[in-house]
Amino acid sequence: MSVPVLIVGAGVIGTAVACELTARGVACTVIDERDAGGRATQASAGMLAPYVEGHENGPLLDLGIRSLALYDEWVARLTRDAGLDVEYRRVGTLEIALDADHAAQLRATSARDAGVTRTWLDPADARARHPALGSIAGALFTPTHGYVAARQLTAAQAAAAVKGGAAFHRTRATRIERGGDVLRVITSTGALTARSVVLAAGAWGSDIDVAGSSIPPLRPVRGQLLHLGWRGHPIETIIWGPECYIVPRTDGSLLVGATVEDVGFDERATAAGVRDLLDAACDLLPGGWGATFLSVNVGLRPAAPDDLPVLGPDERMPGLIHASGHYRNGVLLAPLTARLIADWIVDEKRDPAFAVLHPNRFFRGV
Ligand SMILES: Cc1cc2nc3c(=O)[nH]c(=O)nc-3n(C[C@H](O)[C@H](O)[C@H](O)COP(=O)(O)OP(=O)(O)OC[C@H]3O[C@@H](n4cnc5c(N)ncnc54)[C@H](O)[C@@H]3O)c2cc1C
């Protein structure tokens, strides 16, 4: 079968790209060996918090701010086109300092991010506004942050893409090679050809054999996420502590994440992971010990050696485009990734971000 664009991987990234391409009238086919969103994406807390996640990383902060700015319109379009609800709320983040040093650090951070509304709350003020909190040394509130339900988002992206004409097939890509002016993708159920192939296979991207190029070395970083039933004072905002974060869902339950573990392709939940997250959550919310334990989810985040996304056309293999390595921020960065990849495929528009994030940055001089 021959298609204009083939997307390998139906996680939050591959489905976002499919959704954007079909909205622009480009026919595409998505292949995955699992259901859409069945890998890292299903474990995600869905936080949209660039000013927290981007503290130490210039390019990441910039990408996160750009993507967050697209979110209102992205979700509105998806719910309209897919006809599915997506839980999405800009409830803000409250970064908690448990000691004086951390409080001083957070206050300095808030002064640095000029132009962003951020409010410092002293301990009494923070606890008056958020009575469920335990003993703290202060907190930094950033109202622009929020979260989206990652599974619902991915399902809506996939549904909108299908309504726009995209096809989804369950199969596994094993090799990509050039054949004349098209790319040939060998899968577990046969070969497909396409003018462009978007590689959005998450942590598994490096397993695919690409003849004539080298796949960036992605590593899996395990994350465990708890789902708790909560009956204490309502939690109105995302709480971000030194060892965990807590995301309040509209049904009153809480997500508590996440471990960051370098254990290879091991997708098991562990007793130690659950214990560490419960300890950290209950340091912030002492009432957490009375919560109901609903579930634990596990995902493998795709991380490049420099922890930045891998985005843009492959210089060694024309037609191959990378959209992976989103590590801890794939949900936040999905709308921007979709836009940049579609801009390249439709108009060959090269976003300035590609200069930093391009896939060949790991192979200079090879
Ligand atoms: C516990 C946890 C919490 C997180 N919290 C957040 C958060 O709050 N905010 C945020 O922005 N991000 C968060 N993340 C990160 C986010 O989930 C990831 O960055 C994102 O899901 C990556 O999406 P992806 O589509 O690249 O990968 P995946 O979701 O892993 O999708 C890749 C897809 O490719 C398929 N695939 C792989 N190999 C092949 C092949 N050879 N052929 C066909 N298909 C293939 C897989 O089956 C899979 O469906 C979190 C992650 C974890 C684990």
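The numbering scheme is per chain: residues are counted from 1 as the chain's sequence reads. Where local features are concerned, this predicted model is filtered to residues with pLDDT of at least 70; where side-chain atom pairs are given and counted, the filter is 80 or more; whole-chain, interface and lining totals use all residues. Remark: hydrogens and water are excluded; side-chain values derive from all non-hydrogen atoms of the structure.

Hey, could you run me through the pattern of salt bridges in this one?
Between side chains of opposite charge, pairing is possible as soon as their charged atoms come close. By salt bridge we mean one thing: a side-chain nitrogen of Lys or Arg within 4 Å of a carboxyl oxygen of Asp or Glu. Taken as a whole, this structure holds 23 salt bridges when the rule is applied. We note a salt bridge from D351 to R66, for which the minimum N-O separation is 2.8 Å. Pair noted here: D351 is in the loop between α9 (330–347) and α10 (354–357) and R66 is in helix α4 (residues 58–82), with a separation of 285 residues, a long-range link. Residue D351 is classed as buried on the basis of its relative accessible area, which comes to 11%. Exposure is judged per residue with a 1.4 Å probe applied to protein chains only, and the accessible area is read against the type maximum: over 50% gives exposed, under 20% gives buried, and values in between give partly exposed. Under the relative-accessibility criterion, R66 is labelled partly exposed at 31%. Salt bridges here are not isolated pairs; linked through shared partners, they connect E20, R24, R77, D343 and K349. Runs of E in the DSSP output that reach at least two residues are strands. Runs of H or I that reach at least four are helices, and both are numbered from the N terminus.

What is the right way to read the domain arrangement of the chain from this model?
Reports of interface size often rely on the accessible area that becomes lost once the parts have come together. An automatic or database domain assignment provides the domain bounds reported here. The domains assigned to the chain are domain 1 (2–82 + 150–218 + 305–363) and domain 2 (90–146 + 220–303). The centre of domain 1, based on its C-alpha atoms, is set 28 Å off from the matching centre of domain 2. Any two residues having at least one pair of non-hydrogen atoms within 4.5 Å are treated as being in contact. Of the residues lining the interface, 31 residues belong to domain 1; the matching set on domain 2 comes to 30 residues. When two components associate, each loses some accessible surface as probed by a 1.4 Å sphere; the sum of these losses over both components is called the buried area. Carbon and sulfur atoms make up 62% of the surface buried where domain 1 meets domain 2, a total of about 2,600 Å² over both sides.

I tried to follow the site of the ligand on my own but got confused; where do I start?
Note on terminology: near, applied to a residue and a molecule or strand, indicates that one of the residue's heavy atoms is within 4 Å of it. In the neighbourhood of the ligand, 38 residues make up the surrounding shell, with D32, T41, M47, Y327 and L332 lying closest. Residues adjacent in sequence count toward polar contacts only when both atoms are side-chain atoms; beyond that, a polar contact is any pair of N or O atoms within 3.5 Å, and within protein one must be able to donate a hydrogen and the other to accept it. The contact in question runs from an oxygen atom of the ligand to an N or O atom on the backbone of G46, over 3.2 Å. Here an oxygen atom of the ligand sits 2.7 Å away from a polar atom, N or O, in the main chain of M47. Residue burial considers only the protein chains on display, and all accessible areas are found by Shrake-Rupley using a 1.4 Å probe. The fraction of the free accessible surface of the ligand (1,000 Å²) that becomes covered by protein chains is 99%. Elements with a contribution of two residues or more to the shell around the ligand: α1 (12–23), β2 (28–32), α2 (40–43), β18 (292–303) and α9. Residue type decides the class: Asp, Glu, Lys and Arg count as charged, Ala, Val, Leu, Ile, Met, Phe, Trp, Tyr, Cys and Pro as nonpolar, and the leftover types, Gly among them, as polar. Each residue belonging to the shell around the ligand can be placed in one class, and the counts come to 20 nonpolar, 12 polar and six charged. Residue-level mapping places the shell around the ligand at the junction of two domains, with at least three residues from each of domain 1 (2–82 + 150–218 + 305–363) and domain 2 (90–146 + 220–303).

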